[in-house]
Structures are given as structure tokens and as C-alpha cells.
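# Geometric and topological summary
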Amino acid sequence: MIQVKLICVGKMREKYYTEAFAEYAKRLQAYCRLELLEIAEQRLSDRPSDREIAAALEREGQEILKAVPADAYTVALCVEGRQMPSEGMAALIAERESSGRPKLCFVIGGSFGLAPSVKARADRRLSMSQMTFPHHLARVMLIEQIYRGFKINEGSQYHK
């Protein structure tokens, strides 16, 4: 069974996000071993300088890189990434399941994004949209797309 790890900066506290995430995590139990790791978001001043933001991203990046499995295909979610349709997610999952690396790791940064070192480590950079979303909503959207990918691969009617 494929292993899927989500490394996310920040802790989800909003009930509507946590409940939605939990629902898809439960559904995914039949398809993969899912792991969620939340990395603490660095505290910044009310009006952080570019230097302060860069230092915080680097500290978060170090924690993220420690948590990325060495043998996992890693996808960093970032604005400069390439967009992919749901069928593309299904193809990525199928490719990883049949490969010698049946581990997928997705990384979602905090409100200021991801450190350049994390993006450089990624095998793929993925953008969900040109629009901006709260990073906690992006987490729910990502897990739904992972679930949708498995459903597409099984030929289910979930994806219409």
C-alpha cells in the first residue's frame, strides 16, 4: 500500500477545516497509509521585514527537510509550481504505486510560503491555482484531490 505523507506548516484549529480534513483522511484509509505532520509556524512581528520572513522560512524549511522521507517522491505546493488536473494527480499516484518508490510526500508552507531549500528538494512543484487560498484550506483541497486521484484510478463515479 502506498504511503502518503503531508507535511504542513501551522496547526489547523478551525473546526470546519479539521472536520473536512478528517473526513477525507478517513476515506483514504482504504487506499493508502496517510500521515500528517504539522510543523510549527515561526512567529513573526506584526510587520515583518523581508529578512525576518526569509529567516523564518529557512527555520521552517530545516524542520520540513528533516521530516521528508529520503525515498519519497516529494511535491512542494507553491505559487510558481505547475498546475495539474485531477487526472494528473491520479496518474502521479498510479506512477508512484507501480514504482520502486511507493511513497508520496506533499509539503504545504505557511502564510509566507516555503523556503527555497524545500522547493529545491522537491521532485515536483505544484500550484493549485493562480488564486491565493488560506494554507489551511489548501490542505483540505489537497487531501480531497488525493482521494479523487485514487477514485479516478479505480474507475469510480466520484469524479465526473
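Our subject is the structure listed above.
Described in the following lines is the structure provided in the data block. (Residues numbered from 1 in each chain as written. Predicted model: local features only at pLDDT ≥ 70, side-chain atom pairs only at ≥ 80, totals over all residues. Heavy atoms only, no water.)

## Concerning the sheet that holds strand β3 (residues 73-82)
With parallel pairing, 5 strands are arranged side by side in an open sheet as β2-β1-β4-β3-β5. A single partner strand is all that each edge strand has here, and the edge strands are β2 (33-39) and β5 (124-126). The sheet shows a mean angle of 25° between the axes of neighbouring strands, direction not considered. Taken together, the 4 bridges between β3 and β5 define a ladder with parallel strand orientation. (Pairing = 2+ DSSP bridges. Helix = DSSP H or I, 4+ residues; strand = E, 2+ residues; numbered from the N terminus. Axes fitted to C-alpha atoms, helices over the stretch in contact; angles between N-to-C directions.)

## Thoughts on the pattern of salt bridges
A side chain with one charge may pair with a side chain of the opposite charge, provided their charged atoms come close. Applying the stated rule across the entire model yields 13 salt bridges. For E35, the salt bridge identified is with K5, shortest N-O distance 3.8 Å. Residue E35 is located in strand β2, and its partner K5 is located in strand β1 (residues 3-9); the two are separated by 30 residues in the primary sequence. Owing to a relative accessible area of 12%, K5 belongs among the buried residues under this scheme. Here D71 ties to K103 by a salt bridge, and the two come within 3.2 Å at their closest N and O atoms. Linking D71 in the loop between α2 (50-67) and β3 with K103 in strand β4 (residues 103-108), this pair joins segments that are 32 residues apart in sequence. The exposure class assigned to D71 is partly exposed, which follows from its relative accessible area of 38%. When its relative accessible area of 22% is taken as the criterion, K103 is described as partly exposed. Several salt bridges share partner residues, and in doing so they unite K11, E38 and R139 into one network. (Salt bridge = Lys/Arg side-chain N within 4 Å of Asp/Glu carboxyl O. Buried < 20%, exposed > 50% of the residue type's maximum accessible area, 1.4 Å probe, protein only.)

## Details of α2
With 18 residues, α2 ought to run about 26 Å at 1.5 Å a step, and its terminal C-alpha atoms sit 26 Å apart, in line with that. Those residues of α2 not exposed but buried are I53, A56, L57, E60, G61, I64 and A67. The buried residues of α2 all sit within an arc of 145° when viewed along its axis, so they share a single face. Set apart from the buried face of α2 by more than 90 degrees, the exposed residues are R51 and K66. (Expected span 1.5 Å × (residues − 1). Arc of directions from axis to C-beta.)

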